[in-house]
Amino acid sequence: VAQTQLPVRALPRGDTGQLRVDRQVHDCLSVAESSMVVEVPMDEFSLVQNADGDHSPQSALRHLCSRYQGWLTAAGATVVAEAPGKIVEVPAMVSYMGEGLDFASGLALSGPSVVSKPRQTELVLFHFNDVYNVAANPKEPVGGAARFVHKINELRKQYQDEGYEPLCFFSGDAFNPSMTSTV
């Protein structure tokens, strides 16, 4: 049992202290269905157990901001000294451990801000029209709607893997003018 001075409402007898029952991580391992231990260097860990001061949410935030600043500086960016509440954040979707921040090289950053990767400025379009035959041929060129859809999906995946979101357009002239349109 740990005694602490967390802010609480006055208890009926005027007692403003609080008893907190702590369990250590290793106490829980015996009742867990499975467990996994991940060891991290102490500079990657911020203990939060107090309302203010050391080991508080504010000290954890300062620690994170210091890590972000280190990552960005190593990538070639300049981070203006941060004032409380004026943080420069690097979301995990942008960088989990400081990797992939080379796009920030040469930038001057100040808070409050959230670093984001630059958006693609190129647009990828798939465009087709004049579709007269959707049935596959018995020999090459086989063609057909199924083969066409497969190729579009293959290309779409290829471009998505490169960070693009391709758009597919059909401009018309399906079956007409063709023999199929007269049936």
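See the structure printed just above.
Here goes a summary of the coordinates provided.

The rules behind these values
Residues numbered from 1 in each chain as written. Predicted model: local features only at pLDDT ≥ 70, side-chain atom pairs only at ≥ 80, totals over all residues. Heavy atoms only, no water. Phe/Tyr/Trp six-rings, centres within 6.5 Å; stacked < 30°, edge-to-face > 60°. Salt bridge = Lys/Arg side-chain N within 4 Å of Asp/Glu carboxyl O. Helix = DSSP H or I, 4+ residues; strand = E, 2+ residues; numbered from the N terminus. Buried < 20%, exposed > 50% of the residue type's maximum accessible area, 1.4 Å probe, protein only. Pairing = 2+ DSSP bridges. Right-handed = clockwise from strand over helix to strand, strands pointing away. Patch = residues over 30% accessible without salt bridge, like charges linked within 9 Å, V, L, I, M, F, W, Y side chains within 5 Å. Areas by Shrake-Rupley, 256 points an atom, 1.4 Å probe, with all protein chains shown as cover. Polar contact = N/O pair within 3.5 Å; in protein donor to acceptor, adjacent residues only side chain to side chain. Contact = heavy atoms within 4.5 Å. Expected span 1.5 Å × (residues − 1).

1. What about the packing of aromatic side chains?
Right, on to step 1. Scanning the model with the defined rule gives five aromatic pairs in all.
Right, on to step 2. Centre to centre, the rings of Tyr 159 and Tyr 164 are 6.1 Å apart; their planes meet at 80°, and the pair counts as edge-to-face.
Right, on to step 3. Taken together through their ring pairs, the aromatic side chains of Phe 126, Tyr 159 and Tyr 164 make up a single cluster.

2. Examining the pattern of salt bridges
Right, on to step 1. For the structure shown, the criterion picks out three salt bridges.
Right, on to step 2. Here Glu 154 and Lys 151 are joined by a salt bridge, their closest N and O atoms 2.8 Å apart. With Glu 154 and Lys 151 both in helix α3 (residues 145-161) and three residues apart, this pair spans about one turn of that helix.
Right, on to step 3. Classification of Glu 154 as partly exposed rests on a relative accessible area of 39%.
Right, on to step 4. The exposure class of Lys 151 is partly exposed, given its relative accessible area of 42%.
Right, on to step 5. A salt bridge links Lys 157 to Asp 161, with the shortest nitrogen-to-oxygen separation between them at 2.9 Å. Here the residue Lys 157 and the residue Asp 161 both occupy positions in helix α3, the gap between them amounting to four residues, near one helical turn.
Right, on to step 6. Classification of Asp 161 as exposed rests on a relative accessible area of 55%.

3. Re unusual backbone geometry
Right, on to step 1. For the peptide bond that leads from Gly 111 to Pro 112, omega is 0°, which places it in the cis range.
Right, on to step 2. Phi is positive for His 55, which is not a glycine, with a value near 60°.
Right, on to step 3. We classify His 55 as partly exposed; its relative accessible area is 36%.

4. Brief notes about the pairing of strand β8 (residues 167-170)
Right, on to step 1. By the bridge criterion, four bridges tie strand β7 (residues 125-128) to β8 in an arrangement that is parallel. Across the sheet, the residue bridging to His 127 is Phe 169, located in β8.
Right, on to step 2. Once you follow β7 into α3 and on to β8, the crossover reads as right-handed.

5. Comments concerning a nonpolar patch on the surface
Right, on to step 1. Judged by side-chain polarity, Met 36, Val 38, Val 40, Met 42, Phe 45 and Leu 47 come together as a nonpolar surface patch covering roughly 640 Å² of accessible area.
Right, on to step 2. One can find Val 38 in the loop between α1 (25-28) and α2 (57-74).
Right, on to step 3. Assessed through its relative accessible area of 59%, Val 38 is described here as exposed.

6. Thoughts on the side chain of Ser 56
Right, on to step 1. Tracing the backbone through its elements, the reader meets Ser 56 in the loop between α1 and α2.
Right, on to step 2. Accessibility expressed as a relative area gives 0% for Ser 56, which makes it buried.
Right, on to step 3. At 3.1 Å, the side chain of Ser 56 forms a polar contact with the side chain of Gln 58.
Right, on to step 4. Residues contacting Ser 56, with those up to four places away along its chain left out, are Leu 47, Val 48, Asn 50 and Ala 51.

7. Side note on α2
Right, on to step 1. End to end, α2 covers 26 Å across 18 residues, agreeing with the expected 26 Å (1.5 Å per residue, within 8%).
Right, on to step 2. Burial in α2 covers these residues: Ser 59, Ala 60, Cys 65, Arg 67, Tyr 68, Trp 71 and Leu 72.
Right, on to step 3. Contact partners of the buried residues in α2: β3 (78-79), β4 (88-89) and β5 (108-109).
Right, on to step 4. Gly 76 sits one or two positions beyond α2 and adopts a positive phi of about 100°.

That is the geometry; function is a separate question.
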